[in-house]
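What follows is the residue order along each chain.
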Amino acid sequence: MPLIIKDEYPEKLFRDDGKRLDGRDKDELRPIKMEVGVLENADGSAYLEWGNNKIYAAVYGPREVHPHHLAKPDRGILRVFYRMATFSVFERKRPAPGRREKEISMVISDCLKPVLFLELYPGTAFEVYINVLDADGGTRCACITVAALALADAGVPMRSLVTAVAVGKIDGELITDLSGIEDKAGEADLPCAITWFNEELSLLQFDGETDLEEFSKCLGLAKNAFSKIYEIQLDALKKKYIEIQEEYSRGEKK
Ligand code: ADP
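Keep in mind the model is a prediction, meaning the values are calculated, not measured. Sequence order sets the numbering: in each chain, residues are counted from 1 along the sequence as written. Local features in a predicted model are, by the rule used here, given only for residues with pLDDT of at least 70; side-chain atom pairs are given and counted only at 80 or more, and totals for whole chains, interfaces and linings are based on all residues. Only heavy atoms go into the side-chain values, all of them from the structure, while hydrogens and water stay out.

(A) Representation of the overall build of the protein chain in the model. Per the secondary structure count, the protein chain includes four helices and 10 strands. In the protein chain, the order of α-helices and β-strands from amino to carboxyl end is β-β-β-β-α-β-α-β-β-α-β-β-β-α. Computation of the radius of gyration draws on C-alpha atoms alone. For the globule rule, the value is 2.2 Å times the number of residues to the power 0.38. Relative to the compact-globule value of 18 Å for 254 residues, the protein chain shows a C-alpha radius of gyration of 19 Å, a close match. A principal-axis box enclosing the C-alpha atoms of the protein chain has dimensions of 55 × 50 × 40 Å. Strands here are runs of E lasting at least two residues and helices are runs of H or I lasting at least four, both read from the DSSP assignment and numbered beginning at the N terminus.

Right, here's the structure in full:
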């Protein structure tokens, strides 16, 4: 699957056999792998590979807020730090967090807050550090998905998981899960996320051109994709506990 090499895009985003450039059907997700409990020193963590995206999320909290003036006397706060490594894209990315990273951090935080019981943790902070090691389109959605898993792995009480995916339009066709090339050379990109406890969208962004009918079809594509990704999240969480159970039953853990 090609990463974006410089800013040169192909003229067509579908092959002659009707498949996308990476061989996928229009409604097909890229391969997704998730794992929880991958970092020793964090309260909770998760790792995700989604196509060419490779992302770690680490969670701390509830813990004291630094700097103190950010603390809220009546509730906890959620702080999200989305960062792309300098080597995560073809041209070296400046190491300092730019406007895009600050905006995406805020978007991810707003998206995750509805599932947390922040009102039960006054004066404290939950912190989510997300590092994108390889980026190839849809990183904000992948980050929301892996951050929700890391929060669950940390044992943070949650109303439900959150699952995100981008849908959109390329060469006039509606598609699921845009790759980097499709995101940049396509006509529309619609990242969205669902909070499962109420089945509401906690993220809905839109970049490009479409009409209302296509917009609603895009949401239909997202709905199908959410369920598939959610299953992978649940499997990743269950796998950790099945492994612990097996270690106990073999007497390796006491
Ligand atoms: P998202 O990753 O959520 O789709 P964008 O639409 O802003 O967010 O970015 C699309 C893709 O463009 C990213 O996934 C990444 O592959 C690439 N990209 C983002 N920032 C940079 C950058 N500074 N340099 C090169 N490529 C970038």
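(B) Geometry of the site of the ligand. In the region of the ligand, the neighbouring residues are Met84, Val89, Lys93, Arg100, Ala135, Asp136, Gly137, Gly138, Thr139, Arg140, Asp183 and Lys184. Contacts described as polar in this section are N or O atom pairs within 3.5 Å, which, within protein, must combine one atom able to donate a hydrogen with one able to accept it, while residues neighboring in sequence count only if both atoms come from side chains. Aspartate 183 is positioned such that a nitrogen or oxygen atom in its side chain is 3.1 Å from an oxygen atom of the ligand. Here an oxygen atom of the ligand and a side-chain polar atom of lysine 184 are 2.4 Å apart. Only the protein chains shown count as cover for residues, with accessible areas throughout obtained via the Shrake-Rupley method and a probe of 1.4 Å. When the free accessible area of the ligand is taken as 540 Å², the share hidden by the protein chains comes to 75%. Amino acids are sorted into nonpolar (Ala, Val, Leu, Ile, Met, Phe, Trp, Tyr, Cys and Pro), charged (Asp, Glu, Lys and Arg) and polar (every other residue, Gly among them). Class assignment for the residues of the shell around the ligand results in three nonpolar, three polar and six charged. Near is defined per residue: the residue qualifies when any heavy atom it owns lies within 4 Å of the molecule or strand.

(C) Geometry of the state of the cysteines. Note on terminology: disulfide denotes any pair of cysteine sulfur atoms within 2.5 Å. Taken as a whole, this structure holds zero disulfides when the rule is applied. The thiol sulfur of cysteine 143 is not disulfide-bonded, and the nearest other cysteine sulfur, from cysteine 141, lies at 9.1 Å. Cysteine 218 takes part in no disulfide bond, and the closest cysteine sulfur, belonging to cysteine 192, lies 8.5 Å away.

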